[in-house]
Each structure stands twice: as structure tokens, then as C-alpha cells.
Amino acid sequence: MTKSSEALAHASGTLVIVENDTRNGIEDVERWVRPQAGGQMKFLSIDPDVFEGLGGGSAGGGKSWALVLDALGLQFTSTEHGLSAHQTPGYCAALFRRESTQLAKLLDEARVLYPLFGGVYTAQRRGDPGPCFEFPTGDPLSPAKIYFCHLEHELDKESHQGASYQYVGFDELTHFTLTQYLYLFSRCRGKVGIKPRVRSTTNPVGEGLWWVRKRFINNLTPGKTSWFVMRGEPEDNPPGIKTVRHDPGALGRVFVPMSLRENKILLSLDPEYINRIKAMGDRMARALLDGDWNAFGGDFFSTFSQSQVIKPFQVPDDWELVLSIDPGSSGTCSAGLTAADYVGNYYRLATYYENMRNPDQNAAAIKKFYEDFKWTNGRAPTRSICGLDAWAKMDRFAVIAHGRTFADVFEAHGMLLERAVTDRKNGWWNWKNLFAPKPRWFVFEGTNEPLLEEMMAAVYDEKDSEDIKGRGNDPEIKDHALDDNRYSLMSIVQAERRPEKRGWAYPDYKKLRGVQHLEGWKVGRG
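The following refers to the structure shown. The residue numbers shown here count from 1 along each chain, following its written sequence. Reporting of local features is limited, given that this is a predicted model, to residues whose pLDDT is at least 70; pairs of side-chain atoms are given and counted only at 80 or more, and all residues count toward the totals for whole chains, interfaces and linings. Each side-chain value is worked out from all heavy atoms of the structure, with water and hydrogens disregarded.

This next bit is on the overall build of the protein. A run of DSSP states H or I qualifies as a helix once it reaches four residues; a run of E qualifies as a strand once it reaches two. Both are numbered from the N-terminal end. When its secondary structure is counted, the protein shows 14 helices and 22 strands. For every residue, the accessible area obtained with a 1.4 Å probe (protein chains only) is divided by the maximum for its type, and the residue is called buried under 20%, exposed over 50%, and partly exposed between those limits. Evaluated residue by residue, the protein yields a buried proportion of 52% over its 526 residues. Contact criterion: two residues are considered in contact whenever any of their non-hydrogen atoms come within 4.5 Å of each other. Restricting to contacts in the protein with at least 6 residues of sequence separation, those with at least 24 account for 67%. Within the structure as shown, the protein displays about 24,000 Å² of accessible surface, and the carbon and sulfur contribution to it stands at 50%. What sets the accessible areas is the Shrake-Rupley method with a 1.4 Å probe; for residues, cover comes only from the shown protein chains.

Right, dumping it as C-alpha cells:
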């Protein structure tokens, strides 16, 4: 008997065809796939006991190919179950992209891989969550299925209510919201011999970058499994609380870096790929080639530099100090302290960011927030600027449901609020104009994480390139800290125009309370 083999290079992995010959001709044809060494192999080797796994970092690491292959559950053949997941009657998996048009890449990978394992493509049928591949299991009434689905809109997640998946995969996780990701946990259920798993891949770009970083990057050692339990609300603490494996309720989580430079096949087929990414600019190259999770401050704030995040220092007592507040009609209240020096530089000193507190609680906490801030010696702000929701009462924009407004409550706590200039486009321009060519806006390190996270997630609105996505009307877009900082800069920059170049003195704030009526600027909800 003779044996011959041929390796067919795929852009992400290797398909090997082995022909076993006899004198009577071909006896058997065996086809199998082989992941590449490095991150791709490590991702496919994540222990099935680990509930959450993320693979990625740089572009071109073969992430989508690995995700499609991993959904087959080949590793279960080496467990007591003795069968791969796709050979198990009733096994069901779902692979997600954010938009339906983005499913083509996953389906292309599946059309190459899945027929080798007996998979047959079936177009979406009425009642199905998407098109799928079906696999024979020995029970014609219970084939294994792998669906391909999208979550283009936030509420699309609810179309999976009642579904039961043993495997949930997210391709480009940073394109999804935290609530979409966590909702599918409730659909991820075990089956005889098959433990439920959630696996994801991504590049370090996208509107969900803020929560993916907090959940997988900031709290994990690459390649090492950690265990977490959730306490409180995930939006307040996306990673949860780190614990030990045997803690009741603990779930395993691991991040596996995957690099383009490990994808020898792609580089041999397309050696110019790296050069094309470099042509996209330094920041994009850092993100997509080096897997730098800090490369982006959000597309909307593309000119913001990490060099603007500075070590805290003692703020002089005679610098302008402004408190800015976004009362948050959706339940999140954000407040910030901003200082201005004598030469036109601005410093975001600290951010207060709390959810589900009533106005009295927020007023007391914000007062304590600035009184306890050591870098200003606890001095009171010169001015307190607030979004217009603070003066709303019994209308649809009200943040409290009785006669006292948010502003009334704060006045009772000794803080007189002034109405913010809420012109969104002028506000964003005013802020971003302080980034370049010479930075004039800086952020204290370690005290402004909510603001930096929102900046990192902010992207341009498709219908209006001068505003962030959602334009302030999408409750799923976190923009509370962005808004309060915009209010402070619109106020303080106006105030700065009044002093003489020498002999600086505080302006007449009583006159400036009408600043929103200045020519070219208008009052809006913001």
C-alpha cells in the first residue's frame, strides 16, 4: 500500500488531503484540518471547563477561521463524552456578527470546513435564527446544527429568547454591546456530555472596546484562566470580581492573543498585507498589527493622544475650577472637575460616575467627591455647570417625578447650578480643537476612567459626521461623561476670553450665566 498527501494552504489554516492507495486504486480519502502554531492553536485548545474565551488582538491572525472550527467541538472526543459536539444529537451552536452583511466571511469559512465533517448548508427557514449547517449524528430526527446570526439592533437579542445553544460565538466582539453579549449567556445551556461555552474573537477597535478591555484585557494575564463572579450590575463592573475556581457561581475566563505574524500561510499568500495595514496610519497599524488595545481613543476622538493622560499634580488655588454635571435622564449621573491655568490649558481632574441614585444621593455624593479630592485641597468649584435636564419637572425629560427639580435638590445641598451651553456640534469642535496641533487639554491618570472609556468607544454618527453615534438619543450609547466634559469646556473657554493677558482675574459669572445666548451658540437638550 502506498500513501500520498497534499496540503492545501487556506488563508487561515491548513486543509490536508491524505489518499491511501492500494493496487485496486484509491481505498480511502481522509481530510483533516490543522490550525497553525501559536494563538490559533491555543484558542482551539481552551479547556472546555472555561466558560468564556476571547482570541485576538491583531488582524489576520486567523480568528474567524478558528471560531468557525471551534464551534464543531472537536475537543470533546478526548473527554468522557467520546464524541465531538457536532456528532452529538441535538447539539446546537450559534455564531454571531453584528450586521447581517458581515456574516459572509463566517459563511465562506464554514463552506470550506464544514462539508469535511458532513455538514450540509441549509438556508434560513421560517422560525430559524439564521442559515445553518446540519451534521449527521446517527439520529435522523436530531441532527447537530450550527446557526449564523446577526444582532444588528439591540433588541435583536430577544429574538433568541427560548433558544438553547451549547456554543455561542461572537466574531468581532467589540462591535457588540455588553448587554447583547451577556443576554446570550442565558441562551447558553449544557447538554449531555457537552459543556456550554462562549467564545469570541476581535480586533482592538470598535464601539464596544471599552467593556471588552475591562472584561478581558485589564484583568487577565494572557493565556492564563481566571475565575470571576458577578456582584451588582455588569455595566458598573464589567469584569466582575476575581475569585477562585471552586467559588460557587464562578465562571472561567481567558484571553488568548492571536497575531498576524503567526499566520505564516496568509503572509506567504499575501506578503503585502502588512504594508497595506501600515498605509492606514500609525494608530491603526498599532491596533491591527501589534494588537495594541490602547491605540485608539475612539474614531471620534482620533486626534487624542495617550500623552495627554498625565500624572496628577497639586492644582494651584487660584486656577479656575469648574464642576460640570450631566444629570442623566437614563439613570446615570456623571460629574467632573476641570481646572484651567493662565495660558489656555485645561485639566480634567476627576470624574464622578454613578448609576441608579436619586438626586439627593447624587448631590451629597458629588459634594463629598470634590471636598475629598486631594489635588485641589477639597476647595469648592468656582462654578457648577449642569445639563438642562436638571430644570425639568413633570415632562418626559424629567429625572425626578415630583415638584423639586434636580437643580432644586442641589441648591438645597449648597450648590447653585448654572445652565450649560448644550450645542453639541460646537461643543465637540471646541473640545477636539484642544488636542492639536499642540495639546491643551489633559486628563489626570487614575481618576477619570469612565470618561476615557467613553472616549475610547465614541465613533462618528453615520448620518452626521460632526456628532457621535446616536447624537445623544440612543440609550445604549454611553455618553454621560462626554456630555459633562463638553459642558465644562463650553463654559470655561468662554470665561477664559474675558481676562486680560496679564493681571488675570476671575470673570463676572453673574453676567456669564446668560452665556448660552451668545451669538453663534444655541441652547439645546444636548
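Okay, back to it.
Attention now moves to helix H3 (residues 103-113). All of the buried residues in H3 are Leu103, Leu106, Leu107, Glu109, Ala110 and Leu113. Buried residues of H3 fall within an arc of 160° about the axis and therefore sit on the same side. Here, the arc refers to the directions that run from the helix axis to the C-beta atoms.

We now examine the packing of helix H5 (residues 209-217) against helix H12 (residues 449-457). Running from N to C, H5 and H12 cross one another at 125°; their axes reach a closest spacing of 7 Å. It follows that H5 is oblique to H12 by the angle criterion. Of the residues in H12, those touching H5 at Leu209, Trp210, Arg213 and Lys214 are Glu453, Met456 and Ala457. Residue composition of the contact of H5 with H12, by class: four nonpolar, no polar and three charged. Orientation is described by axes fitted as lines to C-alpha atoms, over the contacting stretch for helices, and by angles from 0 to 180 degrees between their N-to-C directions. Oblique is the label for every angle not falling under 35 degrees (roughly parallel), over 145 degrees (roughly antiparallel), or within 65 to 115 degrees (roughly perpendicular). When residues are sorted by character, Ala, Val, Leu, Ile, Met, Phe, Trp, Tyr, Cys and Pro go into the nonpolar class, Asp, Glu, Lys and Arg into the charged class, and all the rest, Gly among them, into the polar class.

Moving on, we get to a negative patch on the surface. Grouping into patches uses exposed residues only, defined as over 30% relative accessible area, and leaves out salt-bridged ones; the cut-off is 9 Å for like charges and 5 Å for nonpolar side chains (Val, Leu, Ile, Met, Phe, Trp, Tyr). Salt bridges are defined as contacts in which a side-chain nitrogen from Lys or Arg sits within 4 Å of a carboxyl oxygen from Asp or Glu. Only four residue types enter the charge count, namely Lys and Arg as positive and Asp and Glu as negative; His and the chain termini do not. By convention, charge coordinates are those of NZ in Lys, CZ in Arg, CG in Asp, or CD in Glu. A cluster of like negative charges, contributed by Glu233, Glu235, Asp236 and Glu476, occupies part of the molecular surface. By secondary structure assignment, the location of Glu235 is in the loop between strand S11 (226-229) and strand S12 (241-243).

Another aspect to go through is the packing of aromatic side chains. Within 6.5 Å between ring centres, the rings of Phe, Tyr and Trp (the latter by its six-membered ring) count as paired, and their orientation is classed by plane angle as stacked under 30 degrees, edge-to-face over 60, tilted in between. Counted according to the given criterion, the structure contains 30 aromatic pairs. Look at Phe133 and Phe148: their rings are 6.1 Å apart centre to centre, the planes differ by 70°, and that puts the pair in the edge-to-face class. Of this pair, Phe133 sits in strand S7 (residues 132-135) while Phe148 sits in strand S8 (residues 144-150), and the two are 15 residues apart along the sequence. Across this residue pair, the class does not change: Phe133 and Phe148 are buried. Put simply, the rings of Phe51, Phe96, Phe170, Phe176, Tyr181, Phe185, Trp211 and Phe216 pair up and form one aromatic cluster. Put simply, a charge is over a ring when the Lys NZ or the Arg CZ is close to the ring centre, within 6 Å, and near the line of the ring normal, within 35 degrees. The aromatic ring of Phe300 is capped on one face by Lys432, whose charged end is 3.7 Å from the ring centroid. Geometry around Trp428 places Arg486 over its ring, the cationic atom sitting 4.7 Å from the centre.

Within the secondary structure layout, Lys478 lies in the loop between strand S22 (464-468) and helix H13 (480-496). In this structure the C-alpha to C-alpha distance between Lys478 and Leu451, which are 27 residues apart in sequence, comes to 9.8 Å. Beyond its immediate stretch of four places on either side in the chain, Lys478 contacts Trp210, Glu235, Tyr353 and Glu454.

Time to look at the pairing of strand S17 (residues 346-355). Most of S17 sits inside the fold, with seven of its ten residues counted as buried. For two strands to count as paired, DSSP must find a minimum of two bridges between them. Across nine bridges, the pairing between strand S16 (residues 332-340) and S17 is antiparallel. Opposite Cys333, over in S17, you have Glu354 as the bridge partner. Counting the residues in the hairpin turn of S16 and S17 gives five residues, including Gly344, whose phi is positive at 90°.

Turning to the pairing of strand S5 (residues 92-97), a few remarks are in order. The buried fraction of S5 is high, at six of six residues. Neither face of S5 is open: one carries Cys92, Ala94 and Phe96, the other Ala93, Leu95 and Arg97, and all of them are buried. Where S5 and S8 come together, six bridges link them in parallel fashion. Residue pairing in the sheet places Ala93 in a bridge with Ile146 of S8. Note: S5 against strand S9 (residues 167-171), four bridges, orientation parallel. By the bridge assignment, Ala94 is partnered in S9 with Val168.

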